[in-house]
Amino acid sequence: MSAPATHFNEDARRVAPDTRHRGIIQTAMGKYEVVRDQRKLLFQDWQGARNLAARTKFEAVNHLDTHLAEFARNIEARGTKVHWASNAEQARNIILGILRDKQAKVIVKSKAMTSEEIHLNDAMEHAGYEVVESDLGEYIVQLRKEPPYHLVFPAMHLTRGEIKDLFQKKLNDAPSDDPEALTMVARRALRKKYLQADVGITGANFAIAETGIISITENEGNARLTAALPKTMITLVGIEKILPRLEDLALFLPMLAVMGTGQALTCYNTMYGGPRQPGEADGPEEYHVVLLDNQRTTLLADAEQRDALGCIRCGACLNVCPIFRNVGGHTYGTVYGGPIGSVITPHLRGLQQWKHLSYASSLCGACTETCPVKIDLHHHLLQNRRNASAPTTGKPSFLQKLAFKIFAPVANKPALWSLTTKLSRIGMKLRGLVNGSAIDPAQAWTKTRDLPPIAKQSFREWWKEQGK
Amino acid sequence: MSERENIFNRIREALTVEAHSHNGTGLPTTAEHRGVMPPVGASEDERFALFAKNASDLKATFKLVKDAGELTAELRALRDTEKWQRVATHKSPLAQTHAIGLGLPTLVTDDGYDKHDMEQCDVGISVCDALIAQTGTVLVTSRNSGGRALSCLPPHHVVIARREQLVADLPAAFAMVKKIYSANYPSMISFITGPSRTGDIERILVLGAHGPKKLTIFCL
């Protein structure tokens, strides 16, 4: 078993029976479900909207070369420096190079999952820079030295009491556990950082080819300030974030808001197309956009699963996933958790190491049904299972072969089958004595579940009886 | 070979295998967008009513004022109840005149300013590019609304709009942005939908996370 698989199993075993964790997650998800459904109902045709969104992303992803070239050309025309990174290391080096060049000390960041993906914070801190996450949830998990729990709600797993204790310990400022008071503590602490910061780093939700602008969706205003106050601005964005036209945002911004947080539109949807332009009052003197591949082209090469590049990171599939809700966000051990993370991580980080995620699913299809861009998530999990065990990559083990060698003749001979069933009934009774313990042969199952008994009478026996 | 070329080569190589769409192909038209999105009223009155309802749901304040005199009175009342000491604004006849009329020290952003000074301001007063009925949104740009920070750094953002700036929906707003700016886009275009908020602590709504706690929209 790969190290990530062992980690997943251990954490899942610990978190799933934790009723306190379950309570916190169910409360948060319950609130989300109510508002999400209210907002969906306001659409004249939500299923139609999903079709249009899927179509738009299909066009964007399947003509990625054209759109990406157009995006770069247009944003460069307004004085933006565009950088290209094939992998995480190149992206980190590009950004560290800019920081060195600008002699930066304090860096303020707004939420960017791509920066988690390339472990940017570690690299910057290691190089001696002070790095501050400004999204409240990200700030909280940064203070806890933890990765985000969820794509959209990074601190979803914490209670106000835990956050109060954290602020008291780290900031020495926590008047009460009232969410408003706690938010104001963070606001005050981060205002100072905004005024000090030399460089602001953001992610992006969309990159518009036709106009050469990026679009950032947020509620707090932290990305607005990150893009307004420091003298240098850097945006790190995956190459798959392309949308062809500006008007595509008219559909995608509300859909992202509805599925992400259950809002009609998120508080700030802001488009950036360059550094401060002539005649403008403020804004950065320099603007850098780092376009990141990091195995996205590997996923692109898989035509069957290419639609997964259309993901808008709304987190809706995490929210409905029975596995996510039980094992929690940290158990995945990946930057992108939940169904979408289980689909794309094997492509981004290696199929054999991460194939266990394909089984972190009940295949119920709730993810596929909710996805606003109609990614065929649960079928992709099946395809990953198939690909992971394809003859060239994985061969059945000796025990698997032996099991089938025995099973085949037994299943093929009615008399032998009948005898085996009879013996099994006796075996079941004996097994019952050691149910669930270490010497129970069905322990892998019975440790956490009941084993249903074999029927007292087989169908053949019943049929014979009726015939008398 | 540059990294740019490497990336483009991998993309082109990947796209030699064709994918199939289950949802049709071709980019949707604006009419198709409008056909699925939340409806907006047909008449101007209905759209104003929708904007007002959305603003109130978002905990923003929206007021129709009949003339400059009423606007001055409203602003003075706000100044007195909130005890404003310093005001930030920008060079625009509508915003600057009313800001100066308050008789307080006033920061004007256009020719550059010290960010520490703006942080001390109690209110940012700006104009906007449009109001969007469908979502209760205020559309601002760095070119027309005094830069990037004015509508976000002070704890109260006051928007002065004109009645004819109301557009029906998001497709109309993007069409307008394209029409006005396609030759030369401003470096920032922001769709502001209510005052700054967060739900990051137990998904409980708190206003004024980083941006303004209050958003007031006056419409002449």
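Residues numbered from 1 in each chain as written. Chains lettered and ligands numbered in written order. Predicted model: local features only at pLDDT ≥ 70, side-chain atom pairs only at ≥ 80, totals over all residues. Heavy atoms only, no water.

## Remarks on helix α8 (residues 136-143) of chain A
Residue and element names in this part refer to chain A. Test applied: Partly exposed describes any residue whose relative accessible area lies between the buried limit of under 20% and the exposed limit of over 50%, with all areas from a 1.4 Å probe on protein chains only and scaled to the type maximum. Comment: elements are numbered from the N terminus, with helices defined as DSSP H or I runs of at least four residues and strands as E runs of at least two. Under the rule applied, a polar contact is a pair of N or O atoms within 3.5 Å (in protein, one hydrogen donor and one hydrogen acceptor; residues adjacent in sequence only if both atoms are side-chain atoms).
Within α8, 7 of the 8 residues are buried, leaving the element largely enclosed by the surrounding structure. Of the positions making up α8, those classed as buried are L136, G137, E138, Y139, I140, V141 and L143. Between the side-chain oxygen of the N-cap and the backbone nitrogen of G137 there are 3.1 Å, and the N-cap of α8 in question is D135. Positive backbone phi, at 55°, marks K145, one or two positions downstream of α8.

## Topic: the pattern of salt bridges
Note the following rule: Any Lys or Arg side-chain nitrogen located within 4 Å of an Asp or Glu carboxyl oxygen qualifies as a salt bridge.
Across all of its chains, the model carries 35 salt bridges over all chains by this definition. Among the salt bridges present, the one from R191 of chain A reaches E119 of chain B, with a minimum N-O distance of 2.8 Å. Of this pair, R191 of chain A sits in helix α10 (residues 179-196) while E119 of chain B is found in helix α6 (residues 115-119), placing the two residues in two different chains. Residue classification places R191 of chain A among the buried positions, given a relative accessible area of 9%. The closest approach of N and O atoms between R245 of chain A and D248 of chain A, which form a salt bridge, is 2.8 Å. Accessibility classification places R245 of chain A together with D248 of chain A in one group, the buried group. Among the charged side chains, a salt-bridge network with shared partners connects E117, E240, R296 and R313 of chain A.

## What about a nonpolar patch on the surface?
Under the convention used in this document: Like charges within 9 Å and nonpolar side chains (Val, Leu, Ile, Met, Phe, Trp, Tyr) within 5 Å are joined into patches, using only residues over 30% in relative accessible area that form no salt bridge. Throughout, the Shrake-Rupley method with a 1.4 Å probe supplies accessible areas, and for residues the shown protein chains are the sole cover considered.
On the surface, a cluster of nonpolar side chains totalling about 630 Å² of accessible area is made up of L416, L419, L423, I426, L430 and L433 of chain A. Owing to a relative accessible area of 48%, L419 of chain A belongs among the partly exposed residues under this scheme.

## Considerations on the environment of L170 of chain B
What counts is decided by this rule: By definition in these notes, contact holds between two residues if any of their heavy atoms fall within 4.5 Å.
Within the fold, L170 of chain B resides in helix α7 (residues 170-181). When the C-alpha positions of L170 of chain B and N6 of chain B are compared, they lie 38 Å apart, and in sequence the two are 164 residues distant. With residues near it in sequence (within four places) discarded, L170 of chain B still touches A250, P254 and L265 of chain A together with M37, I132, Q134, T135 and F191 of chain B.

## Focus on the environment of G35 of chain B
Tracing the chain through its elements places G35 of chain B in helix α2 (residues 30-36). The exposure class assigned to G35 of chain B is partly exposed, which follows from its relative accessible area of 39%. Not counting residues within four places of it along the chain, the set of residues in contact with G35 of chain B comprises Q44 and D45 of chain A.

## Focus on the packing of aromatic side chains
Residue and element names in this part refer to chain A. For the record, the criterion: Side-chain rings of Phe, Tyr and Trp (the six-membered ring for Trp) are treated as a pair once their centres are within 6.5 Å; stacked means planes under 30 degrees apart, edge-to-face means over 60, and tilted covers the remaining angles.
Here the structure, examined in full by the defined rule, presents 13 aromatic pairs over all chains. Both rings, one in F8 and one in Y332, keep their centres 5.7 Å apart while their planes meet at 80°; by these two values the pair is edge-to-face. With F8 in helix α1 (residues 3-15) and Y332 in the loop between α15 (322-327) and α16 (338-349), this pair connects stretches of sequence that are 324 residues apart. Just as F8 is buried, Y332 falls in that class too. Between Y149 and F324, the aromatic rings sit 5.9 Å apart at their centres with planes inclined by 75°, giving edge-to-face as the arrangement. One end of the pair, Y149, is in the loop between α8 and α9 (160-171); the other, F324, is in helix α15, with 175 residues separating them in the sequence. The same class applies to Y149 and to F324, which are both buried. By the ring-pair criterion, three or more aromatic residues cluster together here, those being F8, Y149, F324 and Y332.

## Side note on the environment of K241 of chain A
Residues and elements named next belong to chain A. Within the secondary structure, K241 is located in the loop between β7 (232-238) and β8 (242-243). For the pair K241 and S215, spaced 26 residues apart in sequence, the C-alpha to C-alpha distance is 9.8 Å. Excluding its chain neighbours within four sequence positions, the residues that come into contact with K241 are K57, A204, N205, F206, A207, C311, I312 and R313.

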